[in-house]
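# Tertiary structure, described
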Amino acid sequence: KSKKTQFTEIHMIQFLPFITTDPYRYGIVNPNGVTCPAPDGSLYDRVAMLKDMGFRVEIVGQPITNTMLVENGHAHINEIIENDIGIRDSTKLHVFRLVEHPVAVLFDYDKVFKYRVFDVIQSLREEETIKGYYVRTPTCDSAGSSLVDTGFMLIKPSMEEFNNIVNTYLNTP
C-alpha cells in the first residue's frame, strides 16, 4: 500500500508571516516590509520590534520573482500581480525551508487563536502521510466558494515541497 502525502484542511477561526516552531519563534520579513507605518503615521522598524519580542528574524525576498515569471512565460501574471495579492505574498513559502524543525506554524499578525493547536501539531508530527493543515476562508460568493487562507497554516517543512511549489507555480500555464 503506497503512502500518499497530502495537505489536509482544518477549520479554525482566521491568523506578516510569523512562523512559530517548537521551541523557536521566527519572523520572516520581506525586504520591502522592514520599515512600516505606525497608526500615528510615524515609521517603525519591524525587524527591531520582532527581535525585541524574542523572534529570530530573517529578511528574505520572495522565492518567485517578477523576472522568473517573465522568463517562464507568465508575463500576464507579472503585469497584474501587484493588483492582486502581490508577489511578496510568496515570501510565506520560506516556511518550508525551516527543515530543522518537524512542524512550523505560520500565522499572520492579525490572527487570533481560539482553539489549542498543540494536539493538531502533535498529530501532524505523528502522521507521515500529511504534509500540513490549512484553513479555508468563509464563503466568498453566492456559489459557496472559499479560498485557502495563507494567513494560518501548520506545515512540515521540506525543501522538496518548497521546490515543488515554486516549480509548479512557474511551470503551470
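Below, the structure is looked at part by part. Sequence positions are assigned chain by chain, starting from 1 and proceeding in written order. Totals for whole chains, interfaces and linings use all residues, but because this is a predicted model, local features are given only for residues with pLDDT of at least 70 and pairs of side-chain atoms are given and counted only at 80 or more. Processing note: side-chain calculations cover all non-hydrogen atoms of the structure and skip hydrogens and water entirely.

In this section: the overall build of the protein. On a plain count of helices and strands, the protein comes out with five helices and nine strands. Numbered from the N terminus, helices here are DSSP runs of H or I no shorter than four residues, and strands are runs of E no shorter than two. The helix and strand sequence of the protein, counted from the amino end, reads β-β-β-β-β-α-β-α-α-β-α-β-β-α. The buried share of the protein, reckoned over its 173 residues, is 39%. Accessible areas in this description were obtained via Shrake-Rupley with a 1.4 Å probe; residue shielding takes into account the shown protein chains only. Per element, the accessible surface of the protein, about 10,400 Å² overall, is 52% carbon and sulfur. A simple rule labels every residue: compare its accessible area, found with a 1.4 Å probe on the protein chains alone, to the largest value its type can have, and call it buried under 20%, exposed over 50%, or partly exposed in between.

Let us now look at the environment of F162. As for its placement among the helices and strands, F162 is situated in helix α5 (residues 159–171). Placed 99 residues apart in sequence, F162 and P63 show a C-alpha to C-alpha distance of 9.3 Å. Residues are treated as being in contact if the distance between any of their heavy atoms lies within 4.5 Å. The contact partners of F162, leaving out residues within four places of it in the chain, are P63, L93, H94, F96 and R97.

With that settled, consider the pairing of strand β9 (residues 148–155). Burial of β9 is extensive: six of the eight residues sit out of reach of the surface. For two strands to be treated as a pair, DSSP must find no fewer than two bridges joining them. In this structure, strand β7 (residues 104–107) lies alongside β9, joined through four bridges in antiparallel fashion. Bridging across to β9, V105 finds its partner in L154. The sheet contact formed by strand β8 (residues 130–136) and β9 spans five bridges and is antiparallel.

Everything listed is a geometric property; what it means functionally is a separate question.
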